[in-house]
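This is what each chain is made of:
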Amino acid sequence: MIDGSCCCGAVKFRLKAEPSMMGTCHCSRCRKAGASTIVFVKREDLTWVAGRDQVALYQPGTPYKYGRCFCRICGSSLGEILSEEDSFPIAANALDSEISTRNRFHEFVSEKPGWYEICDDAPKSSGHPA
């Protein structure tokens, strides 16, 4: 089992399997949401332990499509943890347990700030990976 939570501990969840993939988005929106590194999980692998009612959803305006979830109390980014899709991204920083999944891509590197240095060999793209 892989445990996850927000900073204050009000939101707790568990994954029964490793995330299928990890990636890092360098767009300004993901950076501001505090969820640049994401892991993809299957809905069937996610179990709520506590605090599902403490998860808020920010739904952006056009042209953005995906909402961002966060803890109502401490503001910790949780990615798209309320998604109804079969597979969806959650913020890797919300995982408390060690995982073996490693970064497989960097997207929107054209928006990466100069102060951030990419320190792995994962493929890079200026937009979404092809």
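Just above, that's the structure.
J.: Please provide a residue-by-residue account of the overall build of the protein chain, values included.
T.: Along its length, the protein chain carries one helix and ten strands. Overall, the protein chain shows an N-to-C arrangement of helices and strands of β-β-β-α-β-β-β-β-β-β-β. The globule rule puts the C-alpha radius of gyration for 130 residues at 14 Å, and the 14 Å found for the protein chain is close to it. Taking the principal axes of the C-alpha coordinates as reference, the protein chain spans close to 40 × 35 × 25 Å. Within the span of the protein chain, comprising 130 residues, buried residues form 44% of the whole. For the protein chain, the share of sequence-separated contacts (at least 6 apart) that also reach a separation of at least 24 residues comes to 55%. Working note: accessible area of the protein chain is about 7,600 Å², and carbon and sulfur atoms make up 50% of it.

J.: Describe the nonpolar core, listing the residues and the values that go with them.
T.: By size, the foremost hydrophobic cluster in this structure holds 20 residues, and its most contacted members are Phe13, Leu15, Val39, Leu78, Ile81, Ile90 and Leu95. Secondary structure elements with two or more residues in this core: strand 2 (12-15), strand 4 (37-42), strand 7 (68-71) and strand 9 (87-91). Residue contacts for leucine 95: discarding those within four places in its chain leaves Ile2, Asp3, Gly4, Phe13, Leu15, Pro19, Val39 and Ile90.

J.: I'd like a rundown of the packing of aromatic side chains, residues and numbers included.
T.: Scanning all chains against the criterion turns up two aromatic pairs. When the ring of phenylalanine 13 is compared with that of tryptophan 48, the centres are 6.4 Å apart and the planes differ by 65°; the resulting orientation is edge-to-face. On the criterion of sequence distance, the pair formed by phenylalanine 13 in strand 2 and tryptophan 48 in strand 5 (residues 46-50) is long-range, its members being 35 residues apart. Given a relative accessible area of 1%, phenylalanine 13 falls into the buried group. On the basis of relative accessibility, which here comes to 24%, the residue tryptophan 48 falls in the partly exposed class.

J.: How would you sum up the state of the cysteines? Please name residues and give values.
T.: All told, the structure shown has zero disulfides when counted by the stated rule. With no disulfide of its own, cysteine 25 lies closest to cysteine 27 among cysteine sulfurs, the gap being 3.5 Å. Left without a disulfide partner, cysteine 30 is nearest to the cysteine sulfur of cysteine 25, which lies 3.7 Å away.

J.: How would you sum up the pattern of salt bridges? Please name residues and give values.
T.: On inspection of all chains with the given rule, the structure shows four salt bridges. Residue arginine 43 is joined to glutamate 84 by a salt bridge in which the shortest nitrogen-to-oxygen separation is 4.0 Å. Residue arginine 43 is located in the loop between strand 4 and strand 5, and its partner glutamate 84 is located in the loop between strand 8 (77-79) and strand 9; the two are separated by 41 residues in the primary sequence. When its relative accessible area of 56% is taken as the criterion, glutamate 84 is described as exposed. Taken together, the shared-partner salt bridges in this structure form one network comprising Arg43, Glu84 and Asp86.

Rules used throughout
- Residues numbered from 1 in each chain as written.
- Predicted model: local features only at pLDDT ≥ 70, side-chain atom pairs only at ≥ 80, totals over all residues.
- Heavy atoms only, no water.
- Helix = DSSP H or I, 4+ residues; strand = E, 2+ residues; numbered from the N terminus.
- Rg over C-alpha atoms; globule rule 2.2 N^0.38 Å.
- Buried < 20%, exposed > 50% of the residue type's maximum accessible area, 1.4 Å probe, protein only.
- Contact = heavy atoms within 4.5 Å.
- Areas by Shrake-Rupley, 256 points an atom, 1.4 Å probe, with all protein chains shown as cover.
- Core = buried A, V, L, I, M, F, W, Y, C linked by side-chain atoms within 4.5 Å.
- Phe/Tyr/Trp six-rings, centres within 6.5 Å; stacked < 30°, edge-to-face > 60°.
- Disulfide = S-S within 2.5 Å.
- Salt bridge = Lys/Arg side-chain N within 4 Å of Asp/Glu carboxyl O.

It is worth stressing that arrangement in space is one thing and function is another; only the former is reported here.
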